[in-house]
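Here is what each chain is made of, one letter per residue.
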Amino acid sequence: MGFSMRKIDYCQALNEALHQEMAKNPDIFVFGIGVPDHKSVFGSTRGLLETFGPDRCFDTPLCEDSMTGFALGAALGGMRPVHIHIRVDFLLLAMNQIVNMIASYNYSLGGKVKLPIVIRTIIGRGWGQGMHHSKSLQSYFAHIPGLKVVMPTTPRDAKGLLTAALRDNNPVIFIEHRWLYWAENDVPEGEFLIPLGQGNILREGTDLTIVATSWMNVEALRAADLLAKQGVYVEVVDPRTIAPLDEALILRSVEKTGHCLVADNDWVECGFSAEVAARVAEKCFGRLKSPVRRLGFAHTPCPTVRCLEDEFYPNAKRIVAVIHEMLGLPPIDLSGEFSYSHESRFKGPF
Amino acid sequence: MSYPGLELYKKLYLARRCEEYIVKYYPQNDMKTPMHMSMGQEAVAVGVCHAVGSTGLVLATYRSHAAFLAHTQNVPLFFSELYGRVNGLANGKSGSMHLADPDHGHWGSSGIVASTIPIALGLAFAQKRKNTGATTVVFFGDGAIDEGSFWESINVAALMKLPVLFVCEDNGYAVHTPSKKRHGYDSIVDIVGQFRCATFSDDSNDVESICNMTQQALSIIQAGGGPVFLHIKCYRYLEHVGINDDMKDAYRPVEIQEAWLKKDCLVLQRLRLINEQGVEEIVIQQLEEQVETSIHHSIVAAKQYSSPDPSQLFHGVFYEEN
Ligand SMILES: Cc1ncc(C[n+]2csc(CCOP(=O)(O)OP(=O)(O)O)c2C)c(N)n1
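Computed from a prediction, not measured in an experiment: that's the story for all the values here.

## Some details on helix α3 (residues 64–76) of chain A
Residues and elements named next belong to chain A.
Next up, step 1: The end-to-end C-alpha distance of α3 is 19 Å, a good match for the 18 Å that 13 residues give at a rise of 1.5 Å each.
Next up, step 2: Along α3, the residues that are buried comprise E64, M67, T68, A71, L72, A74 and A75. Projection of α3 onto a plane perpendicular to its axis shows the buried side chains occupying an angular sector of 165°, all on one side.
Next up, step 3: The secondary structure elements touched by the buried residues of α3 are β2 (28–31), β4 (80–85), α4 (95–108) and β5 (118–123).

## Comments concerning the side chain of S298(B)
All names here are of chain B.
Next up, step 1: Its location among the elements puts S298 in helix α11 (residues 281–304).
Next up, step 2: Classification of S298 as buried rests on a relative accessible area of 7%.
Next up, step 3: With near-sequence residues (within four places) excluded, S298 lies in contact with V75, P76 and F79.

## A short note on the interface of chain A and chain B
Interfaces are often sized by the amount of accessible area the parts lose when they come together.
Next up, step 1: Counting from both sides, the interface comprises 35 residues of chain A and, opposite them, 38 residues of chain B.
Next up, step 2: Here chain A packs against chain B, burying approximately 3000 Å² in sum over the two surfaces, 69% of which is carbon and sulfur.
Next up, step 3: Taken as a group, L62(A), W127(A) and L308(A) account for 21% of the area that chain A buries against chain B, more than any other trio of residues on that side.
Next up, step 4: Where chain A touches chain B, the interface holds 0 salt bridges.
Next up, step 5: A per-class count over the side of chain A that touches chain B returns 16 nonpolar, 10 polar and 9 charged.

## Describing unusual backbone geometry
Residues and elements named next belong to chain A.
Next up, step 1: Residue P244 is reached from A243 by a cis peptide bond, and omega for that bond is -5°.
Next up, step 2: Mapped onto the elements of the fold, P244 is located in the loop between β12 (241–243) and α8 (247–257).
Next up, step 3: Here the phi dihedral of S214 falls at roughly 50°; this positive angle occurs in a residue that is not glycine.
Next up, step 4: When you line up the elements, S214 lands in the loop between β10 (208–212) and α7 (216–228).
Next up, step 5: Classification of S214 as buried rests on a relative accessible area of 0%.

## Brief notes about the confidence of the model for chain B
Next up, step 1: Taken over all residues, the pLDDT of chain B has a mean of 97, while the share at 70 or more is 99%.
Next up, step 2: The ipTM value of the predicted complex is 0.95, and its pTM value is 0.97.

## Comments concerning the pairing of strand β14 (residues 293–297) of chain A
Residues and elements named next belong to chain A.
Next up, step 1: Across 4 bridges, the pairing between strand β13 (residues 260–267) and β14 is parallel. By the bridge assignment, W267 is partnered in β14 with F297.
Next up, step 2: In the classification by handedness, the crossover that spans β13, the intervening helix α9 (residues 272–284) and the parallel β14 is right-handed.

## Remarks on the pattern of salt bridges
Next up, step 1: Under the counting rule described, the total for this entry stands at 36 salt bridges over all chains.
Next up, step 2: The salt bridge involving E247(A) is made with R279(A); its shortest N-O contact spans 2.8 Å. With a gap of 32 residues between them, E247(A) in helix α8 and R279(A) in helix α9 connect regions that are remote in the sequence.
Next up, step 3: Note that D170(B) and K233(B) form a salt bridge whose closest N and O atoms lie 3.8 Å from each other. Taken together, the residues span a long stretch of sequence, with D170(B) in strand β4 (residues 164–170) and K233(B) in strand β8 (residues 228–233) at a distance of 63 residues.
Next up, step 4: We classify D170(B) as buried; its relative accessible area is 8%.
Next up, step 5: Members of the salt-bridge network, linked through shared partners, are R6(A), E16(A), K159(A) and E189(A).

## A look at the site of the ligand
Next up, step 1: In the vicinity of the ligand there are 20 residues, among which E64(A), Y62(B), R63(B), G143(B) and N171(B) approach most closely.
Next up, step 2: Take Y62(B): an N or O atom from its side chain is 2.8 Å from an oxygen atom of the ligand.
Next up, step 3: Between the ligand and R63(B), the relevant distance is 2.7 Å, taken from an oxygen atom to a side-chain nitrogen or oxygen of the residue.
Next up, step 4: Protein coverage of the free-state accessible area of the ligand, which is 580 Å², stands at 94%.
Next up, step 5: Classifying every residue of the shell around the ligand by side-chain character gives 11 nonpolar, 5 polar and 4 charged.

## Some words on the packing of helix α4 (residues 75–82) of chain B against α11(B)
All names here are of chain B.
Next up, step 1: The N-to-C vectors of α4 and α11 enclose an angle of 40°; their axes lie 8 Å apart at closest approach. In terms of orientation, α4 and α11 fall into the oblique class. Along this stretch, α4 crosses α11, giving a crossing that reads as right-handed. Two secondary-structure elements touch here, α4 through V75, P76, F79 and S80 and α11 through I295, S298, I299 and A302.

## Overview of the environment of M37(B)
Residues and elements named next belong to chain B.
Next up, step 1: Within the secondary structure, M37 sits in the loop between α1 (4–25) and α2 (42–52).
Next up, step 2: Each C-alpha atom of the pair M37 and F125 lies 31 Å from the other, and the pair is 88 residues apart in sequence.
Next up, step 3: If we skip the residues at most four places from it in the chain, M37 touches E19, I22, V23, R63, H65, L238, G242 and I243.

Reading the values: the criteria
- Residues numbered from 1 in each chain as written.
- Chains lettered and ligands numbered in written order.
- Predicted model: local features only at pLDDT ≥ 70, side-chain atom pairs only at ≥ 80, totals over all residues.
- Heavy atoms only, no water.
- Helix = DSSP H or I, 4+ residues; strand = E, 2+ residues; numbered from the N terminus.
- Expected span 1.5 Å × (residues − 1).
- Buried < 20%, exposed > 50% of the residue type's maximum accessible area, 1.4 Å probe, protein only.
- Arc of directions from axis to C-beta.
- Contact = heavy atoms within 4.5 Å.
- Buried area = accessible area lost by both parts, 1.4 Å probe.
- Salt bridge = Lys/Arg side-chain N within 4 Å of Asp/Glu carboxyl O.
- Nonpolar A, V, L, I, M, F, W, Y, C, P; charged D, E, K, R; others polar.
- pLDDT = per-residue confidence, 0-100.
- Pairing = 2+ DSSP bridges.
- Right-handed = clockwise from strand over helix to strand, strands pointing away.
- Near = heavy atom within 4 Å.
- Polar contact = N/O pair within 3.5 Å; in protein donor to acceptor, adjacent residues only side chain to side chain.
- Areas by Shrake-Rupley, 256 points an atom, 1.4 Å probe, with all protein chains shown as cover.
- Axes fitted to C-alpha atoms, helices over the stretch in contact; angles between N-to-C directions.
- Parallel < 35°, antiparallel > 145°, perpendicular 65-115°, else oblique.
- Left-handed = near helix turned anticlockwise from the far one by under 90°.

In structure tokens, the structure reads:
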């Protein structure tokens, strides 16, 4: 099997996983609003219609909840549906089928059936996406027993985790960040799989652990660079799957560093960051040298105007500032440092 | 204004020119908000809102501009909001997709398809209970009628005889997918007509016809006859979202576009004013200049305001007593 690497972007990595798995398994089909159109969900479903035909790649009317029920029925009938939504926010219309039906269906059947359903969905951000196109919602889904929740950060993870999701016999909510679509990285050419439930150390360090999700890993890595200039070495832990959670990896890191900051790409209140903080507090309380801290979206709906949007989202500089507090270091001037913005690729709409 | 059609033309012209200014200034990157342009479809919002009048209550979609301008004519705050200025309708928090102006009877626009339709039911129920006599109008696209909440809402409105005007702005596409690829039926009007809900349809793109049709609908609603559904065909000139033409993407036939361009709602109404209502060219030109100046002033004024202070982020999540 080819493990030769070449650089491709996150979107190509997703696309490649779909092509490879669909070629192998005729039961897989993809569908959703706009899935086969010429924009092909930002390019992630490109070529699927041409290669696999309209029975395996199709558009739907706007009816998220019913088509989610459709996915459940198709899975009961032995198919492997992949339902795609261009924004996580639109999944809120499908919550009845996801939470009341899909998540508990197997339980009601005594765990006897395979429910290989993948729900791919995208987090929007920037240029005034506003309150209806910017949610993240991993905590919503991870709160519900019976769902697996995946948030790949790197192109390699995007391919490996999507492959794992497509082969899993249980429902998987697969949450992609729009800004990560342009990330480029070494990705194996052939089929390969990253098991769900296995986190990843994105950067090793000794002084403090940052547990970050999705785009926040990019900010965490940048914060790590800034801190390294001061001789502070942070470890960046990417859980990659929110449920099941690789708790052992997180705990091992915190045992080593004694400090933990959770940087979640979501609201903080009652969120995934609280879950991580609780587990760290429960299981390595004695090793903690400072209280666990959390960073996430401001507790407001996402505003449209740029200057408030910038306040709404945490960034590398905010991470550095919190870490200075945690480690009792004096603040430093970061005004000359850049902050990520995808303005150059993102002029105008979506 | 003594000519009946002139006011309608003025509103069409206002909506069109505001968007043409947006197209012109958007590349300056100061209006950082995704825009779903109404251009081409203005006759629907203008005809309906004109008939409904200022006491009507409006709910709309992310394709918000024409309905907003037609109903509120609040050009200054429209631009302040799009420019994200502190004096905007929501201090820049709402942007193009969530425009609202309760002071002028505009109760919101939504980025989630079909999500304002059920809200119209409750707003109408409140009018009925409080005996205000106001009609609630909700605009939505042909994509919205795919959603379950549309069908649930029609049913409830018919059952409860609510004073709601449902306005389906049918531009034939949901993003890039044509209606015939999404609908397992041929005529929405026939189906809605099976509910206890009167229906009207129009494909003329003629603002006066739409206005007259709406007046008939309103007389049914105001006589307590329950909800009415208007199905109005129209054509979006630009891409689904953004300020560009997208005919190069070839998902919409050129012939259809040409046919609609021939009956552009501004052209139709301008010709009517001159040929049928005896309005002199100079009168129209003066009106156009007046609208032009007011838009220009609104833009200049909006840009003079500052962006909201960062502390604004936390304001308005909950009700704030002034
Ligand atoms: C519930 C929901 N699903 C999907 C979307 C993505 N989306 C935005 S606009 C749109 C098409 C809506 O078409 P239509 O109702 O005809 O309105 P138009 O844009 O043509 O004015 C879609 C699918 C959304 N915003 N909300």
